[in-house]
Amino acid sequence: MPRGIRKSFFDEPRACLAPMAGYSDAPFRLICAGLGADFAFTGLVSADGLARGMKKSAALLDRLEGEAPLGVQLFGANPETLARSAAIAGGSGASFVDLNFGCPVKKVVTKNGGAALMRDLVLMERIARAVVAEVGLPVTAKIRSGWSAGERNFLEAGAMLEGCGIAAITLHPRPRSQGFSGPAHWEDIARLRESLSIPVIANGDVKSAADYREITRVTGCASVMIGRGAIGNPFIFREIRAVAEGREPRGASNAERLDVLERHVKLQVAHFGERLGIREMRKFYRWYLKSFEGIKKYRGELTGVETCAEVLESLACIREELEKNGRSAPQKAS
Ligand SMILES: Cc1cc2nc3c(=O)[nH]c(=O)nc-3n(C[C@H](O)[C@H](O)[C@H](O)COP(=O)(O)O)c2cc1C
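Here's a quick rundown of the structure.

How each quantity is defined
- Position numbers for residues count from 1 along each chain, tracking the sequence in the order it is written.
- Local features in this predicted model are restricted to residues of pLDDT 70 or higher, and side-chain atom pairs are both shown and tallied only at a pLDDT of 80 or more, whereas totals for entire chains, interfaces and linings draw on every residue.
- Side-chain calculation: all heavy atoms of the structure are included, whereas hydrogens and water are not.
- What makes a residue near a molecule or strand is one non-hydrogen atom of that residue sitting within 4 Å of it.
- The term polar contact refers here to a pair of N or O atoms within 3.5 Å; inside protein, the definition further demands a hydrogen-donor-capable atom paired with an acceptor-capable atom, and it admits residues adjacent in sequence only when both atoms are side-chain atoms.
- To be clear on the numbers: accessible area is Shrake-Rupley with a 1.4 Å probe, and residue cover counts the displayed protein chains and nothing else.
- Lys, Arg, Asp and Glu make up the charged group, whereas Ala, Val, Leu, Ile, Met, Phe, Trp, Tyr, Cys and Pro make up the nonpolar group; the residues left over, Gly among them, are polar.
- Strands were regarded as paired on the criterion that DSSP finds at least two bridges between them.
- A run of H or I in DSSP counts as a helix once it spans at least four residues, and a run of E counts as a strand once it spans at least two, with each numbered from the N terminus.
- Interaxial angle, 0 to 180 degrees, is taken between N-to-C directions of lines fitted to C-alpha atoms, where a helix line uses only the stretch in contact.
- Here, expected helix span is obtained from the residue count minus one, scaled by 1.5 Å.
- Remark: exposure states derive from per-residue accessible area (1.4 Å probe, protein chains only) relative to the maximum for the residue type, with buried under 20%, exposed over 50%, and partly exposed in between.
- What makes two residues a contact is simply this: any of their non-hydrogen atoms within 4.5 Å.
- By definition, a salt bridge exists where a carboxyl oxygen of Asp or Glu is found within 4 Å of a side-chain nitrogen of Lys or Arg.
- Pairing of aromatic rings covers Phe, Tyr and Trp, the last through its six-membered ring, and needs centres within 6.5 Å; plane angles under 30 degrees mean stacked, over 60 mean edge-to-face, and all others mean tilted.
- In this scheme, the term charge over a ring applies when either NZ of a lysine or CZ of an arginine sits within 6 Å of the ring centre and within 35 degrees of the ring normal.

Now for the site of the ligand. The environment of the ligand is made up of 18 residues, and the closest members are Pro-19, Gln-73, Asn-203, Asp-205 and Arg-228. In the environment of the ligand, a nitrogen atom lies 2.9 Å from a nitrogen or oxygen atom belonging to the backbone of Ala-21. One of the side-chain nitrogen or oxygen atoms of Arg-228 is found 2.8 Å away from an oxygen atom of the ligand. The fraction of the free accessible surface of the ligand (610 Å²) that becomes covered by protein chains is 88%. Of the residues belonging to the shell around the ligand, the class tally is eight nonpolar, seven polar and three charged.

Right under this line is the structure:
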């Protein structure tokens, strides 16, 4: 398992799986690593929960053999608690620790965590300094462009975080008030990168290898973070790697989509147990099967069953139908 990455790790061209609560868990990270994701993040982990020894929080640190270097993403508002939980994350085998300063969710911001810290750079600085001083691993941070369109202080936050010894910053270029919709302002990422000496990881609306080409051109960033574009489409990492290496990207065939989906189901069940694993898989089906004709029927079949055997049987039927209709051919790269 890769550990303790060098600080310069983030200077090199890389594509990573974004922190996504409920999605970026060990099975999906392993699938993405197998298709070329260079590193990955856990979803949000509560620093309070981890420091208090909550099982649910600790389980989010679980990793699988073969995963890419992993950043454990912590949220909270108490510097001492964050430092303590960062040490726990470091001890669990994380390659680096990431601090969440961008989560817009009410439950998080009402406790002064996530994006609320974009409004309190004094506290953000105390947190960053406490965590950097505590862990012997690189510490990264993920910020938004600000709290609202009128309070876009990402340049100020970035300069402060660099001064604290943060190794790299991801900018999700939307203010908290914008949530996840509306345009992602890639030009803000370019401005942040130009203003700092530490690497900036570009994020926001990368859904294809063509988007990767464009975001690296606009921002000048080496590393790119992919969230929604990877859900049910981990092949995006293979396509990006091809583009980064000057090769023509190859899209996934429907047959390959089914193979990877089947592997995902098996990993999920092995990791979470059958009941939870199958339930957690349901949100992925529509994305894996997006390019399939008659997707509604397939999805209905898959989401209606409870056991792994039934899911595998449904997948076998879908595969048979595809072959019968000659629709398992490769698709064009995105
Ligand atoms: C379902 C979902 C869960 C997310 N959870 C987190 C999270 O736990 N931590 C975080 O920093 N961002 C989280 N995000 C935001 C993503 O990391 C990313 O910044 C955002 O989706 C924009 O990138 P994208 O357009 O590539 O998806 C989440 C996004 C989605 C869609």
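What follows continues from the structure just given.
This brings us to the sheet that holds strand β2 (residues 39-46). If you trace the eight strands once around the closed barrel, you get β1-β2-β3-β4-β5-β6-β7-β8, paired in parallel fashion. Strand-to-strand twist of the sheet, defined as the mean angle between neighbouring strand axes without regard to direction, takes the value 25°. Pairing of strand β7 (residues 200-203) with strand β8 (residues 223-226) involves two bridges; the strand directions are parallel. The residue of β8 that forms the bridge with Asn-203 is Met-225.

Quick look at helix α11 (residues 254-272) now. Helix length check: α11, at 19 residues, gives a terminal C-alpha distance of 26 Å against a target of 27 Å (1.5 Å per residue), a fit within 8%. Listed in full, the buried residues belonging to α11 are Asn-254, Glu-256, Arg-257, Leu-258, Val-260, Leu-261, Glu-262, His-264, Val-265, Leu-267, Gln-268 and Val-269. Elements in contact with the buried residues of α11: α1 (26-34), α10 (235-244), α12 (274-288) and α14 (308-324). Remark: Gly-273 follows α11 within two positions and exhibits a positive phi of approximately 90°.

In this section: unusual backbone geometry. Phi is positive for Asn-112, close to 70°, though the residue is something other than glycine. Position of Asn-112 among the secondary structure elements: in the loop between α5 (106-109) and α6 (121-134). A residue is classified by how much of its surface remains accessible, and Asn-112, at 47% relative accessible area, is partly exposed. For Asp-205, which is not glycine, the phi dihedral falls at a positive 65°.

This next bit is on the environment of Met-124. For Met-124, the position within the fold is in helix α6. The class for Met-124 is buried, based on a relative accessible area of 0%.

Another aspect to go through is the pattern of salt bridges. Throughout the structure, instances matching the rule amount to 20 salt bridges. Arg-119 serves as the salt-bridge partner of Glu-151, at 3.3 Å between the closest nitrogen and oxygen. Placement of Glu-151 in the loop between β5 (139-144) and α7 (154-163) and of Arg-119 in the loop between α5 and α6 is noted, with a sequence separation of 32 residues between them. Bridged by salt links that share partners, the residues Asp-259, Glu-262, Lys-266 and Arg-319 form one connected network.

This brings us to the packing of aromatic side chains. Taken as a whole and judged by the stated rule, the model has eleven aromatic pairs. Ring centres of Phe-10 and Phe-39 lie 5.5 Å apart, and the angle between their planes is 80°; this geometry places the pair in the edge-to-face category. Residue Phe-10 is found in the segment before β1 (14-17), and its partner Phe-39 is found in strand β2; the two are separated by 29 residues along the sequence. Its relative accessible area of 0% is what places Phe-39 among the buried residues. Taking the centre distance of 6.4 Å and the plane angle of 90° together, the rings of Phe-292 and Tyr-298 count as edge-to-face. Take Phe-292 and Tyr-298: they sit in the same class, and that class is buried. Over the aromatic face of Phe-180 sits the side chain of Arg-144, whose NZ or CZ is 5.2 Å from the ring centroid.

For the rest of this paragraph, the subject is the environment of Val-139. Here Val-139 is to be found in strand β5. Judged by its relative accessible area of 3%, Val-139 falls in the buried class. Placed 132 residues apart in sequence, Val-139 and His-271 show a C-alpha to C-alpha distance of 27 Å. If near-sequence neighbours (up to four positions away) are discounted, Val-139 is found in contact with Val-97, Leu-99, Val-131, Val-132, Ile-166, Ala-167 and Ala-168.

This next bit is on the side chain of His-172. Considering the arrangement of structural elements, one finds His-172 in strand β6 (residues 168-172). Given the relative accessible area of 5%, His-172 is considered buried. Beyond its immediate sequence surroundings of up to four residues, His-172 is in contact with Ile-143, Arg-144, Ser-145, Gly-179, Phe-180 and Asn-203.

Purely spatial values, then, with no claim about function.
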